[in-house]
Amino acid sequence: MGLHLSLSSKGKTAMQDNDATPWSTAVFISFCAIGNVGLTNLANNFMPFAKDYWMLIHVSFLIAVGNTAFPILLRLVVWAVSKVTRDPEPYYQLLDNPRLLYTHLFDASQTRALAGVWFAVTLAQFALFGWLDWKNHELVYLN
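Throughout what follows, the structure given in this document is the object of discussion. (Residues numbered from 1 in each chain as written. Predicted model: local features only at pLDDT ≥ 70, side-chain atom pairs only at ≥ 80, totals over all residues. Heavy atoms only, no water.)

### As for the packing of helix H5 (residues 70–84) against helix H8 (residues 108–132)
For step 1, the next point in the chain: Where H5 meets H8, the axes come as close as 9 Å, and the angle between the chain directions of the two elements is 130°. On the basis of the axis angle, H5 is oblique to H8. Our pair here, H5 against H8, has a crossing hand that is left-handed. For the pair formed by H5 and H8, the contact residues are Pro71, Ile72 and Arg75 on the first element and Ala108, Thr111, Leu114 and Ala115 on the second.
For step 2, the next point in the chain: In terms of residue class, the contact of H5 with H8 is built from five nonpolar, one polar and one charged. (Axes fitted to C-alpha atoms, helices over the stretch in contact; angles between N-to-C directions. Helix = DSSP H or I, 4+ residues; strand = E, 2+ residues; numbered from the N terminus. Parallel < 35°, antiparallel > 145°, perpendicular 65-115°, else oblique. Left-handed = near helix turned anticlockwise from the far one by under 90°. Contact = heavy atoms within 4.5 Å. Nonpolar A, V, L, I, M, F, W, Y, C, P; charged D, E, K, R; others polar.)

### Here we look at the side chain of Arg75
For step 1, the next point in the chain: Position of Arg75 among the secondary structure elements: in helix H5.
For step 2, the next point in the chain: Notably, Arg75 is buried but unbridged: the nearest opposite-charge side chain belongs to Asp107, and the N-O separation is 6.0 Å.
For step 3, the next point in the chain: There is a polar contact of 3.1 Å between the side chain of Arg75 and the backbone oxygen of Leu95.
For step 4, the next point in the chain: Once you skip the residues sitting within four places of it in the chain, Arg75 turns out to touch Leu95, Pro98, Leu105, Phe106, Asp107, Ala108 and Thr111. (Buried < 20%, exposed > 50% of the residue type's maximum accessible area, 1.4 Å probe, protein only. Lys, Arg positive; Asp, Glu negative; His and termini not counted. Salt bridge = Lys/Arg side-chain N within 4 Å of Asp/Glu carboxyl O. Polar contact = N/O pair within 3.5 Å; in protein donor to acceptor, adjacent residues only side chain to side chain.)

### Remarks on the environment of Ala33
For step 1, the next point in the chain: Tracing the backbone through its elements, the reader meets Ala33 in helix H3 (residues 22–34).
For step 2, the next point in the chain: On the accessibility criterion, Ala33 (5% relative accessible area) is buried.
For step 3, the next point in the chain: Sequence spacing of Ala33 and Ile63 is 30 residues, and the spatial spacing of their C-alpha atoms is 4.8 Å.
For step 4, the next point in the chain: Setting aside anything within four residues of it in sequence, one finds Ala33 in contact with Val59, Leu62 and Ile63.

See below:
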């Protein structure tokens, strides 16, 4: 994100307007997104990035991973490490008995259910937002 803020025209403009450095802004926004704090160190929040889709998708991913999707990503990481390590037995034990060792790691069926519900709710939110605010003049800049 820091590289993007320092190289993109919108990032450079936002950094100059707010007298901020790209890397410190990237670290601050990343930590706030993971913690779902809702803060930025920019004066006009995310308005400079209203059409910067890479930045919006990146921050949306961090918000999701910091909250609901954390167990999904954690299970995916443990599974991936079990496939590339020389001794996969501890990782298999962790995947087979997740609640004995870590509270945020769910069973495979619970993780699949969480992923399905999270995806369905996110899709419903996106669809309802688009449908209910289709003629909203405040959102014309997104076109």
